[in-house]
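Read off the chains here:
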Amino acid sequence: MNTMTIGKLAHDNGLATETLRHYERLGLIAPSQRSASNYRLYDQTAAQRLRFIRRAQALGFSLPEIRELLGLHADADMGAVKAIVQQRVAQIDARLDDLRQLKAGLVALAETCPGHGAAAGCPILAALTREPQA
């Protein structure tokens, strides 16, 4: 069996060894064995799980969600996996709505400022320091 140390696995995946230790503490990956000097040794299964983790993170999944997906990977039907992905899509849609509202507010705020003159008279700074209305 081809194994690698935590340092090699981390290096090959562009991560710090502490990140892998963190993933191990969370139960996301585990060494397949320990060396005679008690070094963590990882096999290709750990490398595959790490690729899964990294890709899931790139898609915006949190580590708890990734742990759940990894658990489903072997034991569940596709419906459970699809439900998690659909839930994540709904969260992204909500975040996009929030970002659109935020953008609209910033655009409106930027339109109040002529963009020249002393910052003390800036309507953007004034709006940010104004007391909230009750």
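No experiment lies behind these values; they were computed from the predicted model shown.

Engineer: Outline the sheet that holds strand S2 (residues 33-34), listing residues and values.
Structural biologist: Here three strands make up an open sheet; going across it, the order is S1-S3-S2 and the pairing antiparallel. The sheet is open, and its two borders are formed by strand S1 (4-5) and S2, each paired with just one other strand. For S1 and strand S3 (residues 40-42), the ladder comprises two bridges, and the chain directions are antiparallel. Within the sheet, the bridge partner assigned to Thr5 lies in S3 and is Leu41.

Engineer: Any details on the environment of Cys113? Residues and values, ideally.
Structural biologist: As for its placement among the helices and strands, Cys113 is situated in the loop between helix H5 (78-111) and helix H6 (123-129). Using a relative accessible area of 24% as the deciding quantity, one classes Cys113 as partly exposed. Note: C-alpha distance between Cys113 and Pro123 (ten residues apart in sequence) is 5.7 Å. If we skip the residues at most four places from it in the chain, Cys113 touches Cys122, Pro123 and Ile124.

Conventions and cut-offs
Residues numbered from 1 in each chain as written. Predicted model: local features only at pLDDT ≥ 70, side-chain atom pairs only at ≥ 80, totals over all residues. Heavy atoms only, no water. Pairing = 2+ DSSP bridges. Helix = DSSP H or I, 4+ residues; strand = E, 2+ residues; numbered from the N terminus. Buried < 20%, exposed > 50% of the residue type's maximum accessible area, 1.4 Å probe, protein only. Contact = heavy atoms within 4.5 Å.

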